[in-house]
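The primary structure of each chain is shown beneath.
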Amino acid sequence: MKLKKLKIGKTELSGNLLLAPMADVTNLAFRLLCRRYGADLTYTEMINADALLNESRKSFIKGLSSPDDRPFGVQLVGSCPEKLKQAALFIEEEYRPEIIDINMGCPARCITVAGCGSALLNSPELVYMIISELTDSLNTPVSTKIRLLGREEKTLEIARLIEKAGASALTVHGRTATQMYSGSSNIPGIRAVKSELSIPVIANGDVRDEESAERTLELTDCDGLMIGRAAMGNPFIFKRIGHYLETGEKLETDKQSRRLEDFDTYISLLEEHDLLSSINLRMHAHWFTKGLRGSRQVREKINGLEDGRAITELLRSFCQEKH
Ligand SMILES: Cc1cc2nc3c(=O)[nH]c(=O)nc-3n(C[C@H](O)[C@H](O)[C@H](O)COP(=O)(O)O)c2cc1C
């Protein structure tokens, strides 16, 4: 119905539902799980370009991707065109992602204080330089992810420059950096960007269920939807939304068993890719069990455990008990 095939650069995706880049969330195992449920493109957590160039590169991005993690985008964060280019060339050579995305939306102070993330939106010339430098040097399509600016004309100016510099797609989170996550995503603001550009524009912000997905696609007229927080602990959301957009019908499933089964699969994927020790398993367990029967007691028990393996055992038995 409303499920369109999104094409970014030369890559035609099987649909138009994207998993947002999220630090501490969208590791390889989580992306693989979302992909199983129909995420058509997934992005890595943001990778700091300066750190990537300074540290031993191989260990820095250990477990970044795998052959079945396709198509995927790597997101870089930085403010120096040359360093971003060097980091992107390394990523291109090493991983051959379908897309390299530049973070121009992160409002966290630790990022903006270095002139990165949403701070870049105050320097349209630098934005143009960064995207041009990358599109001139890479074979990989380049996309970027922005937030809205306080004045619509400023947002449109940046969006036009991004397109002119050769970007293959633009994602717009419908909040300003000052808003952080408060208020709601500004649908007309995203629509204004979409109307202005010829490259694919992806709408982001507050897509949390079938209705909000349909509404966002319809009202922004965008080419794709990017889902962030609603996927945390709930990768099944891609199947729900995809099914609804295709058929107009909602999937009825048992939330309790589905979420626990997904968490069990997630742990297996983390183990398979040797990622268990590199994530905060307690935090992830919290997202997957949020709102489920008996989850409060299990979280209390988790809080008393230090060892990742012990947490895994506890959650596995919780999953099995509840099935
Ligand atoms: C925990 C967390 C980490 C995030 N990390 C990133 C990131 O690394 N790069 C980025 O561009 N946006 C990041 N974001 C923003 C999301 O990609 C997305 O733009 C935002 O959450 C709004 O979408 P949503 O309403 O679907 O969550 C992060 C958001 C959250 C909640």
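The structure we're discussing is the one just above.
The shown structure was predicted, so the numbers you read here are calculated from the model rather than taken from an experiment. (Residues numbered from 1 in each chain as written. Predicted model: local features only at pLDDT ≥ 70, side-chain atom pairs only at ≥ 80, totals over all residues. Heavy atoms only, no water.)

Enquirer: How would you sum up the site of the ligand? Please name residues and give values.
Expert: If you check the shell around the ligand, you find 16 residues, and the closest are Gln75, Lys145, Asn204, Asp206 and Arg229. At 2.9 Å, a backbone N or O of Pro21 approaches an oxygen atom of the ligand. One of the backbone N or O atoms of Asp206 is found 2.7 Å from an oxygen atom in the ligand. Compared with its free state, where it exposes 610 Å², the ligand has 88% of that area covered by protein. Among the residues forming the shell around the ligand, the class breakdown is seven nonpolar, six polar and three charged. (Near = heavy atom within 4 Å. Polar contact = N/O pair within 3.5 Å; in protein donor to acceptor, adjacent residues only side chain to side chain. Areas by Shrake-Rupley, 256 points an atom, 1.4 Å probe, with all protein chains shown as cover. Nonpolar A, V, L, I, M, F, W, Y, C, P; charged D, E, K, R; others polar.)

Enquirer: Please provide a residue-by-residue account of the pairing of strand β9 (residues 169-176), values included.
Expert: In terms of residue burial, β9 counts as a mostly covered element, since eight of its eight residues are buried. When strand β8 (residues 142-148) meets β9, the two strands line up parallel, connected through six bridges. Its bridge partner lying in β9, Lys145 is registered against Thr171. Between β8 and its parallel partner β9, the chain crosses via helix α7 (residues 152-164), and the hand of that crossover is right-handed. When β9 meets strand β10 (residues 201-204), the two strands line up parallel, connected through four bridges. Residue pairing for β10: Leu170 is matched across the bridge by Val201. Taken together, β9, helix α8 (residues 187-196) and β10 form a β-α-β motif whose crossover is right-handed. (Buried < 20%, exposed > 50% of the residue type's maximum accessible area, 1.4 Å probe, protein only. Helix = DSSP H or I, 4+ residues; strand = E, 2+ residues; numbered from the N terminus. Pairing = 2+ DSSP bridges. Right-handed = clockwise from strand over helix to strand, strands pointing away.)

Enquirer: Summarise the packing of helix α4 (residues 81-95) against helix α6 (residues 124-137); cite the residues concerned and give the values.
Expert: Viewed as axis vectors pointing N to C, α4 and α6 meet at an angle of 30 degrees, and their least axial separation amounts to 9 Å. Classified by the interaxial angle, the pair formed by α4 and α6 is roughly parallel. Where α4 crosses over α6, the handedness of that crossing is right-handed. The segment α4 lies against α6, with Pro81, Glu82, Leu84, Lys85, Ala88 and Leu89 engaging Leu126, Met129, Ile130, Glu133, Leu134 and Ser137. Partitioned by chemical class, the residues of the contact of α4 with α6 number eight nonpolar, one polar and three charged. (Axes fitted to C-alpha atoms, helices over the stretch in contact; angles between N-to-C directions. Parallel < 35°, antiparallel > 145°, perpendicular 65-115°, else oblique. Left-handed = near helix turned anticlockwise from the far one by under 90°. Contact = heavy atoms within 4.5 Å.)

Enquirer: Report on the pattern of salt bridges, specifying residues and quantitative values.
Expert: A full pass over the atoms with the stated rule returns 18 salt bridges. Between Arg96 and Glu93 there is a salt bridge, and its shortest N-O distance comes to 3.9 Å. Across the pair Glu157 and Lys154 runs a salt bridge whose closest N-O atoms are separated by 3.9 Å. Separated by three residues within a single helix, Glu157 and Lys154 lie in helix α7, roughly one turn from each other. Among the ionic contacts, a cluster of salt bridges with common partners joins Arg31, Arg35 and Asp69. (Salt bridge = Lys/Arg side-chain N within 4 Å of Asp/Glu carboxyl O.)

Take it as geometry only, folks, not as evidence of what the structure does.
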